[in-house]
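Summary of the model geometry
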Amino acid sequence: MAQYYTTMDLKSRFAPSPTGYLHLGNARTALFAWLAARAVAGRFVLRLEDTDQSRSPQIYEKALLEDLCWLGLNWDEGPDIGGPVAPYRQMERLDIYHQYYETLLAAGQAYPCYCSAEDLAAERAVQRASSKSPRYGGRCRHLNAEQRRDLEAKGIQPVLRYRVPDSGMLTVPDRVWGERSYALADLGDFVIRRSDGSPAFFFANAVDDALMGVNLVLRGEDHLSNTPRQILILQALNLPVPEYAHLPLLLGSDGQPLSKRHGAASLRDLQFQGYLPAAVRNYLARLGHHYAESDLLDDQVLAAGFSVDKISRAPGHFDVVQLQHWQRLALQELSDAQLWEWLLAANLPNVSIENRLVEKMLKAVSEDEDLPIKFVAAVRANILFPEEAVDWARRCFADEAFAELEKEDAALAALAEAPAEFWPLAAMLLQQSAGDYRIWTKTLQQESGLKGKSLFMPLRAALTGRSHGPELAALLPLIGMERAQQRLRTAPSVLSEARK
Ligand SMILES: Nc1ncnc2c1ncn2[C@@H]1O[C@H](COP(=O)(O)OP(=O)(O)OP(=O)(O)O)[C@@H](O)[C@H]1O
Ligand SMILES: [Zn+2]
């Protein structure tokens, strides 16, 4: 009888199939498995389950490693760095599986099955008609050597099935779901090797966990029903059975589990939008796991506070508002200089325009090398993503006249509040105050008789085209005298254009 591990010397793993870009559901599973290991100074293994060769092009393997690194996860053993129980790609382990198939065949615990897809479908249809749950009835269990030879002579490539005991119960413990018992008679003999010779998921996955010394299997709830079959295989091979913890799945806004196959938003998409890894980590760590602290935690604190016992059974829903909350907190942690680096590194869709802006900034920098930092300091409280910073950069630095600035309706409404004579006055006083914001607005208030919102809203609208945003005092020096003058003078004509 195989024995269960204790959590001493914990070794956990993430075992994705490189069949697409990682989505947030995958990423959370990876993060939890990583946190579980890091919480107790255990080991974390990355293994690639690449046996579905038709769906595993090289680009996905590379992307998978990059995306995990971006998220801030590291592994102690894996396909890129090797380790004591290498190889870590299943397609490089076929010889190992072969030995174990031979063991099961020799013990009579596995047998070849020649049934066609049509045979199996017909069998299931009969079972359903008599309200039995569909399972393989064992038709090929009792074929003799001669019958097998005949079938193979016809060119039929058999699958290999595991012979499930006819009676008895199997109790499967789970750290999240508790114990569940299964009647073995309900399982049906299941496939452990496909007809093309590649290992079935149940088999390779269980054997590898055992051989790699993995003693905590943290994975998605989609694998919960696979677990009894995997324990049977391990027991038959006299291999150790790990502890299991199945995480509730992460669902998208349509209520369906996120899945690579269905093109769920990938970690990569988030990275390109400008999400910070710390934001994504903090968001995911709290999806289905409780932390007492509500502030942004670094990895060590996240790991120290992690426990499999704090995983919830409720399915998680991807909530972009929550993710943005963590993005805000993560941005706050960056210095102005780091924020500028983040902007420069951003991967923006509208490359040509954005490049021109960055170029302009850089040109301006040659005259005022503090400009990037001034810009970042001015806008940082008003942005979550580089795209928003680019919008502010456009409003500050682009040579566009006010007429060409994209304007919010609320900004147009604010423009309309000011009388026509306000605009030349504002432009003139700006000149006289030499761009000093405090002096300018003070004299403008005195001479126009406008104050408070009535004064500042039209100014903000004319200078930025928006009704809200960073402090005008901080924006004005960035916009500069020339552009500010031009925008103040052209504001009324824009308004009459808009009214037409
Ligand atoms: N929606 C999800 N929520 C949480 N975990 C998930 C989700 N989907 C997959 N996982 C987990 O991610 C890990 C890697 O799984 P896998 O690479 O098979 O991803 P997948 O999204 O199911 O891909 P595919 O769509 O190709 O089946 C597994 O532990 C799996 O349970
Ligand atoms: Zn069969």
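Residues numbered from 1 in each chain as written. Chains lettered and ligands numbered in written order. Predicted model: local features only at pLDDT ≥ 70, side-chain atom pairs only at ≥ 80, totals over all residues. Heavy atoms only, no water.

Helix and strand counts for the protein chain stand at 20 helices and 11 strands. Computed over C-alpha atoms, the radius of gyration of the protein chain comes to 32 Å, more than 25% over the 23 Å expected from 2.2 N^0.38 for 500 residues, which places it beyond the range of a compact globule. The C-alpha extent of the protein chain, read off along each of the three principal axes, is 105 × 50 × 40 Å. Counting every position in the protein chain, which comprises 500 residues, the buried fraction comes to 50%. In the protein chain, once contacts between residues fewer than 6 apart in sequence are set aside, the share between residues at least 24 apart is 74%. Of the side chains in the protein chain, 54 bear a positive and 63 a negative charge, and the two mean positions are spaced by 4 Å. (Helix = DSSP H or I, 4+ residues; strand = E, 2+ residues; numbered from the N terminus. Rg over C-alpha atoms; globule rule 2.2 N^0.38 Å. Buried < 20%, exposed > 50% of the residue type's maximum accessible area, 1.4 Å probe, protein only. Contact = heavy atoms within 4.5 Å. Lys, Arg positive; Asp, Glu negative; His and termini not counted. Charge placed at Lys NZ, Arg CZ, Asp CG, Glu CD.)

As a further point, take the coordination of the zinc ion (ligand 2). For a metal bound by four donors in tetrahedral geometry, the ideal donor-metal-donor angle is 109.5 degrees, whereas six donors in octahedral geometry ideally sit at 90 or 180 degrees. Taken together, Cys 113 (SG), Cys 115 (SG), Tyr 136 (OH) and Cys 140 (SG) make up the full set of protein donors to the zinc ion (ligand 2), lying 2.1 to 2.3 Å away. What the four donor atoms of the zinc ion (ligand 2) show is an angle range of 102 to 120° at the metal, which sorts the shape as tetrahedral. Summarised as a motif, the one-chain spacing of the donors to the zinc ion (ligand 2) is C-x1-C-x20-Y-x3-C. Cys 113 sits in the buried class, given a relative accessible area of 2%. (Donors = N, O, S within 2.8 Å, 3.2 Å for Na, K, Ca; no water. Tetrahedral: all angles 85-135°; square planar, octahedral: opposite > 155°, others 65-115°.)

Attention now goes to the side chain of Asn 282. Relative to the helices and strands, Asn 282 resides in helix α9 (residues 277-285). Looking at Asn 282, the relative accessible area reads 1%, which means it is buried. Within the local environment of Asn 282, its side chain forms a polar contact with the backbone nitrogen of Leu 297, the two atoms lying 2.8 Å apart. For Asn 282, the contacting residues outside a window of four places in its chain are Asp 295, Leu 296, Leu 297, Leu 302 and Trp 326. (Polar contact = N/O pair within 3.5 Å; in protein donor to acceptor, adjacent residues only side chain to side chain.)

Confidence in the prediction of the protein chain, expressed as mean pLDDT, is 91, and 92% of residues score 70 or more. Contacts for the low-pLDDT stretch residues 1-6, under 50 throughout, to residues beyond four places or in other chains number 19 contacts. (pLDDT = per-residue confidence, 0-100.)

This paragraph deals with the pairing of strand β8 (residues 216-220). It is a general feature of regular strands that their side chains alternate between the two faces of the sheet. Of all five residues in β8, five are buried; the element is thus mostly enclosed. Pairing of β8 with strand β9 (residues 243-247), which is carried by five bridges, proceeds in the parallel orientation. Each bridged residue has a counterpart across the sheet, and for Leu 218 the counterpart in β9 is Ala 245. Chirality of the crossover, the property in question, places the unit of β8, helix α7 (residues 227-236) and β9 among those that are right-handed. (Pairing = 2+ DSSP bridges. Right-handed = clockwise from strand over helix to strand, strands pointing away.)

This next bit is on helix α12 (residues 336-345). The complete set of buried residues in α12 reads Leu 339, Trp 340, Trp 342 and Leu 343. Down the axis of α12, the sector holding all buried residues measures 155°, keeping them to one side. With respect to the buried face of α12, the exposed residues turned more than 90 degrees away are Glu 341 and Ala 345. (Arc of directions from axis to C-beta.)

Turning to the pattern of salt bridges, a few remarks are in order. Across all of its chains, the model carries 23 salt bridges by this definition. Note that Asp 209 and Arg 13 form a salt bridge whose closest N and O atoms lie 2.9 Å from each other. Residue Asp 209 is found in helix α6 (residues 201-211), and its partner Arg 13 is found in strand β1 (residues 11-14); the two are separated by 196 residues along the sequence. Owing to a relative accessible area of 2%, Asp 209 belongs among the buried residues under this scheme. The network of salt bridges with common partners includes Arg 13, Arg 47, Glu 49, Arg 93, Asp 208 and Asp 209. (Salt bridge = Lys/Arg side-chain N within 4 Å of Asp/Glu carboxyl O.)

Let us look at the sheet that holds strand β4 (residues 159-162). The strand order β3-β4-β7 describes an open sheet built from three strands, whose pairing is antiparallel. Pairing within the sheet leaves two strands with one partner each, and these edge strands are β3 (110-113) and β7 (190-193). Averaged over neighbouring strand pairs, the angle between their axes works out to 45° when direction is ignored. Of the pairings in the sheet, the one linking β4 to β7 comprises three bridges and is antiparallel in character. Bridge pairing links Leu 160 to Arg 193 in β7. (Axes fitted to C-alpha atoms, helices over the stretch in contact; angles between N-to-C directions.)

What follows covers the domain arrangement of the protein chain. Taken domain by domain, the protein chain holds domain 1 (1-79 + 201-333), domain 2 (334-398) and domain 3 (399-500). Counting from both sides, the interface comprises 14 residues of domain 2 and, opposite them, 17 residues of domain 3. Between domain 2 and domain 3 lies a buried interface of about 1300 Å² when both sides are counted; carbon and sulfur atoms form 59% of it. At the boundary of domain 2 and domain 3, one finds one salt bridge. Of the charged contacts, one joins Arg 466 and Asp 391 as a salt bridge, the two residues approaching to 3.4 Å between their closest N and O atoms. Taken together, the connections running from domain 2 to domain 3 amount to six residue pairs in polar contact (both at pLDDT 80 or more). Put simply, the parts of the chain that give the side of domain 2 that touches domain 3 at least two residues each are α14 (371-379) and α15 (386-397). Among the elements that line the side of domain 2 that touches domain 3, the one with the most residues is α15, at six residues. Considered class by class, the residues forming the side of domain 2 that touches domain 3 number eight nonpolar, one polar and five charged. (Domains from an automatic or database assignment. Buried area = accessible area lost by both parts, 1.4 Å probe. Nonpolar A, V, L, I, M, F, W, Y, C, P; charged D, E, K, R; others polar.)

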